[in-house]
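Architecture and fold: a report
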Amino acid sequence: MLHNRRSFLKSTALVTSAAMMINDPYKAIAGSIPAHFKTGTMKLTYRPYTLELRHVFTIATNSRTTTPVMLTEIELNGMIGYGEASMPPYLGESHETVQAFLSKVDLSKYENPFDLEAILNDIDTIAPDNTAAKASVDIALHDLIGKLMGQPWFNIWGYDKSKTPNTSFTIGIDTPEVVRQKTKEAEEFKVLKVKLGRDTDKEMIETIRSVTDKSLTGDVNQGWKDKEKALEMLHWLNERNMVMIEQPMPKEQIDDLAWLTERSPLPIIGDEGVQRLTDIKKAVGVYHGINIKLMKCTGMREAQKMLTLARSLGMKVMVGCMTETSCAISAASHLSPMVDWADLDGALLIKNDVFDGTKIIDGKVTLMDRPGIGAVKV
Ligand code: MG
């Protein structure tokens, strides 16, 4: 299996780099500065904020009621781009680490904001990791550029706004009563995402199935440890109209995951195991597809490259999120016309959103016709 994976990678490497060179919107942007553009000094500001969740949120590994975020702005000649970092605690970033990272970002040294590639590559080298902090600069810069160009990002990337998918709505692990209640409340959504990975998995599914027969996606968050049992469970879920499974086993159990993917009746999507662009080639044969999240991969630029690369390798693609305001959700939603599954319910899970942007209408991701990421302050 490992050997097959390696030889497959070698044969696809050339094809992939050629495909990516043809389709690089960032080269086009760097070379097409609008005539009305006046150079100036970009200024980055940021403020910590705490999102309050509507319900206690429980997944295989933890529970919580709040999520810290950092709201960023990049200002240039009176135009403002908005960005955000979301830091669910288990990923290791916090208000303090994001603040420390952003204090080292000096945008005043760049005269040309359109050279996103050079600026963002530079920012990536300030320190390793800090992916949410990096995303907060990336998103604000994309928003600013889109506004300067007078274009929404789905247009700049060349995606068809009408092709956006339905988003799934997440049902966390809970008592049967609460699960039934939450399932009923989620009537608007066409797809429900069920958090699995505890010994109550079958009970969760049976409870939901007692209320609805709509499509389900499942997220195990690395919760299953035994591959034979995992395969048995995948067959059981397949018989109950489950359409895909995220991260069934720990990301370190690569050979077990590859074994499972080879036999699974359902598509297996890597989330915790696939963070950045460089992880994708290693994911071939281990997973059928990847879950792209801006906070994992440093933002919109790398996310779009991951989408392009995964597609050229014949992989499935999902776009996901953390609990975030409509700022980061809007940013991620511009990728959604090109994905198999969207899981962009993050702003619906919070009580104190501070942006208006991409909406979920009748369960469908609905992009706004606004320049940039399409988020405005409320
Ligand atoms: Mg996941």
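What you see is a predicted model; the values in this text were computed from it and never measured.

Cut-off values and rules
- Residues numbered from 1 in each chain as written.
- Predicted model: local features only at pLDDT ≥ 70, side-chain atom pairs only at ≥ 80, totals over all residues.
- Heavy atoms only, no water.
- Buried < 20%, exposed > 50% of the residue type's maximum accessible area, 1.4 Å probe, protein only.
- Helix = DSSP H or I, 4+ residues; strand = E, 2+ residues; numbered from the N terminus.
- Domains from an automatic or database assignment.
- Contact = heavy atoms within 4.5 Å.
- Buried area = accessible area lost by both parts, 1.4 Å probe.
- Salt bridge = Lys/Arg side-chain N within 4 Å of Asp/Glu carboxyl O.
- Polar contact = N/O pair within 3.5 Å; in protein donor to acceptor, adjacent residues only side chain to side chain.
- Nonpolar A, V, L, I, M, F, W, Y, C, P; charged D, E, K, R; others polar.
- Pairing = 2+ DSSP bridges.

1. Regarding helix H14 (residues 326-333)
Across the 8 residues of H14, 8 count as buried, placing the element largely inside the fold. Looking at H14, one finds that the buried residues are Ser-326, Cys-327, Ala-328, Ile-329, Ser-330, Ala-331, Ala-332 and Ser-333.

2. Thoughts on the domain arrangement of the protein
When cut into domains, the protein gives domain 1 (30-154) and domain 2 (155-377). Taken over C-alpha atoms, the centre of domain 1 sits 23 Å from the centre of domain 2. With 46 residues of domain 1 at the interface, the matching set in domain 2 holds 53 residues. Buried area between domain 1 and domain 2, both sides added, is near 4,200 Å², and the carbon and sulfur share of it is 59%. The interface formed by domain 1 and domain 2 holds 4 salt bridges in total. Taking the shortest distance from any N to any O, the salt bridge between Glu-73 and Lys-377 comes out at 2.8 Å. Counting across the interface, domain 1 meets domain 2 through 33 residue pairs in polar contact (both at pLDDT 80 or more). The set of elements that each furnish at least two residues to the side of domain 1 that touches domain 2 consists of strand E1 (43-58), strand E2 (63-76), strand E3 (79-86), helix H4 (116-124), helix H5 (131-149) and helix H6 (153-156). With 11 residues, H5 is the single largest residue contributor to the side of domain 1 that touches domain 2. For the side of domain 1 that touches domain 2, a count of residues per class yields 22 nonpolar, 13 polar and 11 charged.

3. Points about the pairing of strand E10 (residues 316-319)
Across 4 bridges, the pairing between strand E9 (residues 289-292) and E10 is parallel. Bridge assignment links Ile-290 to a residue of E10, and that residue is Val-317. Note: E10 against strand E11 (residues 341-342), 2 bridges, orientation parallel. Among the inter-strand pairings, Val-319 is bridged to a residue of E11, identified as Ala-342.

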